[in-house]
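Descriptive structure summary
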2 protein chains.
Amino acid sequence: MSKKLTSRAEDYSKWYNELVVKADLAENSAVRGCMVIKPYGYAIWEKMQAELDKMFKETGHQNAYFPLFVPKSLFEAEEKNAEGFAKECAIVTHYRLQNDPDKPGKLRVDPEAKLEEELIVRPTSEAIIWNTYKGWIQSYRDLPILVNQWANVVRWEMRTRLFLRTAEFLWQEGHTAHETKKEALDEAALMNNVYAAFVEKFMAIPVIQGLKTESERFAGAEETYCIEALMQDGKALQAGTSHFLGQNFAKAFDVKFANKEGKQDYVWATSWGVSTRLMGALIMTHSDDKGLVLPPNLAPYQVIIVPIFRNDEQFEAISKVAEDVISDLKERGISVKFDKRDTLRPGAKFAQHELQGVPLRIAIGPKDLEDETVEVARRDTLTKQTVILDRITVVIENLLEEIQESLFKKALDFRDTHITEVDNFEDFKTILETKTGFISAHWDGTAETEDKIKELTKATIRCIPLDAKAEEGVCVYSGKPSNKRVLFAKAY
Amino acid sequence: MSKKLTSRAEDYSKWYNELVVKADLAENSAVRGCMVIKPYGYAIWEKMQAELDKMFKETGHQNAYFPLFVPKSLFEAEEKNAEGFAKECAIVTHYRLQNDPDKPGKLRVDPEAKLEEELIVRPTSEAIIWNTYKGWIQSYRDLPILVNQWANVVRWEMRTRLFLRTAEFLWQEGHTAHETKKEALDEAALMNNVYAAFVEKFMAIPVIQGLKTESERFAGAEETYCIEALMQDGKALQAGTSHFLGQNFAKAFDVKFANKEGKQDYVWATSWGVSTRLMGALIMTHSDDKGLVLPPNLAPYQVIIVPIFRNDEQFEAISKVAEDVISDLKERGISVKFDKRDTLRPGAKFAQHELQGVPLRIAIGPKDLEDETVEVARRDTLTKQTVILDRITVVIENLLEEIQESLFKKALDFRDTHITEVDNFEDFKTILETKTGFISAHWDGTAETEDKIKELTKATIRCIPLDAKAEEGVCVYSGKPSNKRVLFAKAY
């Protein structure tokens, strides 16, 4: 804990890894590629979950739970339909069984036995869910189905990084079923809007809404909406996706319904998800060389109070003031913690709370008692002010709002100054190597050009922005005609 | 859906299975022994989760998340220490990998490859968690650790039943670490109290708090607290357990700390959990031959409003009244749904809401509009009353409280009349075959007697009640001396 954090300028990737561990967000586990999400990190994730869950319910969705395992045969039915679908996975082949407790001595199985059919640990749940929906849907009266699941999923990734790419991660996956194509398309767009609103308003991270190109789409999707954010190092991060799946899964799992005219038709589908990857986006959008910076909406506690004292008498007088402040703040729904540990000096406490990104720190010392003041420090700007005790609640309340807005604004300014319009391939390469960020450029719409640019620069098309203006131009690589700009970037 | 529910008298087990499916709580999936928890069932589980989570946090606990997989070697370290520990499990032996997307063509792995070390899908998380705690604990300053996890676990059971015993289930598992034996014992007792309060007050299910005998204890526990409930068919159901683990896991995973005197000592541990099994307890405590009966605290919606109309004009007038009632009820925090489907007749709606256990039904017809009344029906007693529209909110509010209390009282009466004090083995066997329920009897304290009784009658010692009075007597089987009664029953 004591060793200083590597600075971002020195090594951004190292800074990130150290910060995640030192700020008590997560750590690697004994299982290759699987992380432990520590209580402080999990408290942030819980706040994200609570807000998203509320938004899902407000838009008419219900939660349900489907099995962790997918029989291999179902998985293969899906793959036939959507080649390249979730190829990384863990496979259960064996089981161990105890003797049947109710029939002592009767059942005796080998310590390990082979499963009749191997099971895939779900990398995503389309297969098991659509196999289930088949039993739920007979007629248009059974539609729409608007279901979400909070779950763990496993993708056997070769190279992993805490939150950004882990073999097991937590996410939510919405899976909806509709009567018409239009309804499903609207749902996919709606949920991408929900994600954008959540990430911008709650996490203070600006995003660009767009569509994925065919090569970047989820296998099985006919259209993929996404939200793309820009990290401090100029790399993009896909923060959420919402897929219009057409009738692909309905066809793969034979899910038909009797429509209003009494005819049989395949059901239209969407799926959409965000994951603990958002924790990575949060860290790489707001944090600095001193550690985590948290938007007040996501802070496990928004205010920390640190007493500065030399003896018990001082401590007690300060505690009394602190308790009053705490009760006033709590009444206004502000979460606050009193750091009364006697095993650490104030300076060490300050450093720890800075590292952990607590938005506001109140320090109270003997001089403050005399003056009826406290010292308030902002984590985001690292500025301090002296506040009259009587005004502390209202000041804190206003500051929290201000910090939430200011973090968004700062990130938005950074993002907007890191979108560069580029019209030739030399500039394209130069920008990628110097300023980085998003490159807004014309593209001829072919997968060949996209692949070639990726091969030459490692940049991919992050999205075709929903608000892209019609503009005549020529492809930055092939010189062929194009009628709008798309966004390229290197990405996480 | 249309076929009538089997009655409890006819076949209790069949009644249960049918009810779970017909009331839209859960169903079997394509994966042997794994269930799908449907939206209506999951909404009930979510309410349990929310209340328990609040209670855990009020008692100082934080949530975290640990890996789904446990390396086999860790698992074996644990087994050495606690023989018989979670023997049923699923084992991951293989993985599939996609080509590394960032290095096209470079990495090419067989479609399926064998893991270097096999992974167990967690049946419970002591092993992975104590292996992690080792890194978190150096000194008494790092203690206590009061952590809970909401997760899915897998136990490869031979015979499964929806909610009661499934290969995968959802649960929470608390894992705490303490400086002293007393603190850990207090924690185990505290969490058993939390469970008892939750199950009684929130779920309206009376429980008996007690200790497990050594043979019924969790492997690795030195003392197991439990709450035992009685189902309508006279069988007991263990609704929650809280284990004092001594220093067993600390020793197995070498977790030591420097105590206040600067000496190295092993950490003291507890673990405690409840699962989706509670859904089974809920169903088998309150429900009847018409379907589910839900305590208002757990109902996805507490009130359903059914309009009775012959034409659009009537429907609109009724809707207007209904909307007013809904807004008044919502203001008081009562959840309510307006069933305006035009595809079902009122009678069919009534049957469905009875089947799904909605605590109160409000029916509004043309006659009610004239009289400014509505009809209110209670699900638990199947009684109806006419209520003046002006008074509806307060009547509903009072009725919901009354139902919650009345369900508990009814279950308590049933339970209390099904505890029989027995002093000889002939009576013991007769009671088990006729009246069933708990048998309160003297036991000589030996595992031999316990085993013999189990073998002869299938009854096990459910618990040694915490409030058992000192009473001289002789063992109901062996005739040896005993100083208190324990509770026997057949159990789920």
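Attention in this report is confined to the structure presented alongside it. What you are looking at is a predicted structure, and each value in this text was computed from that prediction instead of being measured. (Residues numbered from 1 in each chain as written. Chains lettered and ligands numbered in written order. Predicted model: local features only at pLDDT ≥ 70, side-chain atom pairs only at ≥ 80, totals over all residues. Heavy atoms only, no water.)

Looking only at helices and strands, chain A features 13 helices and 25 strands. In terms of its C-alpha atoms, chain A occupies a principal-axis envelope of roughly 80 × 80 × 45 Å. Of all 492 residues assigned to chain A, the portion counted as buried reaches 60%. Excluding contacts between residues fewer than 6 apart, the proportion of contacts in chain A whose partners are at least 24 apart in sequence is 69%. (Helix = DSSP H or I, 4+ residues; strand = E, 2+ residues; numbered from the N terminus. Buried < 20%, exposed > 50% of the residue type's maximum accessible area, 1.4 Å probe, protein only. Contact = heavy atoms within 4.5 Å.)

In this section: helix α5 (residues 181–202) of chain A. When the terminal C-alpha atoms of α5(A) are compared, their 31 Å separation across 22 residues agrees well with the 32 Å that a helix rising 1.5 Å per residue should span. Those residues of α5(A) that sit buried are A:A184, A:E187, A:A188, A:M191, A:N192, A:V194, A:Y195, A:A196, A:F198, A:V199 and A:F202. (Expected span 1.5 Å × (residues − 1).)

Bringing the interface of chain B and chain A into the picture now. One frequently used descriptor of interface size is the decrease in accessible area upon assembly of the parts. Facing the 67 residues of chain B at the interface are 67 residues of chain A. When chain B packs against chain A, the two sides together hide about 5700 Å² of surface, and 59% of this comes from carbon and sulfur. Looking at the side of chain B facing chain A, the largest losses of area belong to B:Y65, B:R96 and B:W156, adding up to 13% of the total buried there. Put simply, chain B and chain A have four salt bridges between them. Between B:K72 and A:E112 there is a salt bridge whose closest N-O contact spans 2.5 Å. Our count for the chain B to chain A interface comes out at 24 residue pairs in polar contact (both at pLDDT 80 or more). For the side of chain B that touches chain A, the element with the highest residue contribution is strand β5 (residues 89–96) of chain B, accounting for eight residues. Here the side of chain B that touches chain A is built from residues that sort into 35 nonpolar, 11 polar and 21 charged. (Buried area = accessible area lost by both parts, 1.4 Å probe. Salt bridge = Lys/Arg side-chain N within 4 Å of Asp/Glu carboxyl O. Polar contact = N/O pair within 3.5 Å; in protein donor to acceptor, adjacent residues only side chain to side chain. Nonpolar A, V, L, I, M, F, W, Y, C, P; charged D, E, K, R; others polar.)

Before going further, it helps to examine the pattern of salt bridges. Inspection of every chain in the model, using the stated rule, returns 60 salt bridges over all chains. In this structure, the salt-bridge partner of B:R8 is B:D289, at a minimum N-O distance of 2.8 Å. With B:R8 in the segment before α1 (12–22) and B:D289 in the loop between α7 (277–286) and β15 (303–307), this pair connects stretches of sequence that are 281 residues apart. For B:D289, a relative accessible area of 32% puts it in the partly exposed group. Counted as one network, the salt bridges with shared partners bring together A:K72, A:K114, A:E118 and B:E112.

As a further point, take the nonpolar core. Of all hydrophobic cores here, the largest spans 90 residues; its most connected members are A:F69, B:F69 and B:W130. The contacts of A:F69, once residues within four sequence positions are left out, are A:V92, A:L119, A:I120, A:V121, A:I128, B:V31, B:C34, B:A90, B:V121, B:V154 and B:W156. (Core = buried A, V, L, I, M, F, W, Y, C linked by side-chain atoms within 4.5 Å.)

Rotating chain B by 180° about the axis while translating it 0.0 Å along that axis superimposes it on chain A, leaving an RMSD of 0.0 Å. Put plainly, the chains are arranged around a two-fold axis. Rotation axis and chain B: the residue whose C-alpha lies nearest the axis is B:V92, separated from it by 2.1 Å. The share of interface residues of chain B whose copies in chain A are also at the interface is 100%, consistent with both copies meeting through the same surface. (Least-squares fit on C-alpha atoms with pLDDT ≥ 70 in both.)

Residues and elements named next belong to chain A. If you walk across this open sheet you meet the 11 strands as β3-β7-β8-β14-β11-β10-β9-β22-β25-β21-β20, and the pairing is mixed. The strands lining the two open edges of the sheet, one partner per strand, are β3 (62–63) and β20 (419–421). Alignment of strand β8 (residues 168–178) against strand β14 (residues 268–275), held across eight bridges, turns out to be antiparallel. Residue pairing across strands places Q172 opposite V274, the latter belonging to β14. Seen against the sheet, helix α2 (residues 39–58) touches β3, β7 (145–154), β8 and β14 and runs at an angle of roughly 160° to β7. (Pairing = 2+ DSSP bridges. Axes fitted to C-alpha atoms, helices over the stretch in contact; angles between N-to-C directions.)

Next up on the list: the environment of B:E455. All names here are of chain B. Looking at the element boundaries, E455 is found in helix α13 (residues 447–457). Owing to a relative accessible area of 59%, E455 belongs among the exposed residues under this scheme. Taking the C-alpha atoms as reference, E455 lies 65 Å from D371; in sequence the two are 84 residues apart.

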